[in-house]
Amino acid sequence: MGETQRKWRALDMTLVGMFAALMAIGANITSWAPFLVIGGVPITLQTFFCVLAGAILGRKLGATAMTVYMLIGLFGAPVFAQFSGGFGTIVRPTFGFILSFILAAYVTGWIIERGNGNPSVVRFIAATIAGMAINYLIGTNWMYIAYKLWAEAPKGFSYALAWSWMIVPLPKDIILSVIAGIISPRIYMSIRKSASYRQHVA
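Residues numbered from 1 in each chain as written. Predicted model: local features only at pLDDT ≥ 70, side-chain atom pairs only at ≥ 80, totals over all residues. Heavy atoms only, no water.

**Side note on the pattern of salt bridges**
Evaluation of the coordinates by the stated rule reveals two salt bridges. In this structure, Arg 59 engages Glu 113 in a salt bridge whose closest nitrogen and oxygen atoms are separated by 2.2 Å. Of this pair, Arg 59 sits in helix H3 (residues 46-74) while Glu 113 is found in helix H4 (residues 95-113), placing the two residues 54 residues apart along the sequence. The exposure class of Glu 113 is partly exposed, given its relative accessible area of 24%. Asp 173 is paired through a salt bridge with Lys 172; the nearest N and O atoms lie 2.8 Å apart. With a relative accessible area of 22%, Lys 172 lands in the partly exposed category. (Salt bridge = Lys/Arg side-chain N within 4 Å of Asp/Glu carboxyl O. Helix = DSSP H or I, 4+ residues; strand = E, 2+ residues; numbered from the N terminus. Buried < 20%, exposed > 50% of the residue type's maximum accessible area, 1.4 Å probe, protein only.)

Right, dumping it as structure tokens:
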């Protein structure tokens, strides 16, 4: 393995670690602003950093960064919302959102990579919005199932109520997903301009 290849692999690891750290930061805004928890759902920046990771790093590294973030939290580091962590998180109604980040980042990167290197802002925005939609779809359905099967549901809880809770963070996540789609193409292309990087990922 050449020296340049080793450097790019080190860079990959750095980027994965950076986005895992950004996810932890984005998760814990509610620790300083508890009023941003609506219906048990924290209003965070995780969706933004998730789709940004997929857009900049691509499907494989983006999904890897989200997997690393999830595993760090499951093994006890307080990186989830409200500085929580541990395997007990799996049974929480909001764990589906954490799990969905992996697929959301992967799909975001996959859509962009289907553009064959064309840094179209429209494609990037479509990809980040698609990633956000996956985050909502998996997370909300997991929450509904959790409240119906094992968690103590609020009075009058229904599928419609579960989705109504998501109306609160939705405008914020749409705006931030569009911003992620706008700012990521130049970063994406700058990383891939290196011939050694193209050789590494081929």
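**Structural notes on a nonpolar patch on the surface**
A cluster of nonpolar side chains, contributed by Leu 71, Phe 75, Phe 87, Ile 90, Val 91, Ile 145, Leu 149 and Trp 150, occupies part of the molecular surface with about 830 Å² of accessible area. Looking at the element boundaries, Leu 71 is found in helix H3. (Patch = residues over 30% accessible without salt bridge, like charges linked within 9 Å, V, L, I, M, F, W, Y side chains within 5 Å. Areas by Shrake-Rupley, 256 points an atom, 1.4 Å probe, with all protein chains shown as cover.)

**Here's the deal with the packing of aromatic side chains**
As enumerated under the stated definition, the model contains 12 aromatic pairs in all. Summarising the aromatic geometry, the rings of Tyr 144 and Tyr 159 are spaced 4.9 Å apart at their centres and angled 80 degrees between planes, so their arrangement reads as edge-to-face. One end of the pair, Tyr 144, is in helix H5 (residues 121-149); the other, Tyr 159, is in helix H6 (residues 159-165), and 15 residues separate them in sequence. The rings of Tyr 144, Tyr 147, Phe 157, Tyr 159, Trp 163 and Trp 165 are connected pair by pair, giving a single aromatic cluster. (Phe/Tyr/Trp six-rings, centres within 6.5 Å; stacked < 30°, edge-to-face > 60°.)

**Considerations on the packing of H3 against H4**
For the pair H3 and H4, interaxial distance at closest approach is 8 Å and the crossing angle is 155 degrees. Between H3 and H4, the crossing angle belongs to the class labelled roughly antiparallel. Pair H3 / H4 crosses with left-handed handedness. Here the residues of the contact of H3 with H4 sort into 18 nonpolar, eight polar and two charged. (Axes fitted to C-alpha atoms, helices over the stretch in contact; angles between N-to-C directions. Parallel < 35°, antiparallel > 145°, perpendicular 65-115°, else oblique. Left-handed = near helix turned anticlockwise from the far one by under 90°. Nonpolar A, V, L, I, M, F, W, Y, C, P; charged D, E, K, R; others polar.)

**Re the packing of H5 against helix H7 (residues 170-192)**
Geometry of a packed helix pair, given as the angle between the helix axes and the separation of the axes. Taken N-terminus to C-terminus, the directions of H5 and H7 make an angle of 140 degrees; their axes are 8 Å apart at the nearest point. Taken together, the axis directions place H5 and H7 in an arrangement best described as oblique. Crossing hand, H5 versus H7: right-handed. Together, Val 121, Phe 124, Ile 125, Thr 128, Ile 129, Met 132 and Tyr 136 of H5 and Leu 170, Asp 173, Ile 174, Ser 177, Val 178, Ala 180, Gly 181, Ile 182, Ser 184, Pro 185 and Tyr 188 of H7 make up the contact between the two elements. Among the residues making up the contact of H5 with H7, the classes are represented as 13 nonpolar, four polar and one charged. (Contact = heavy atoms within 4.5 Å.)

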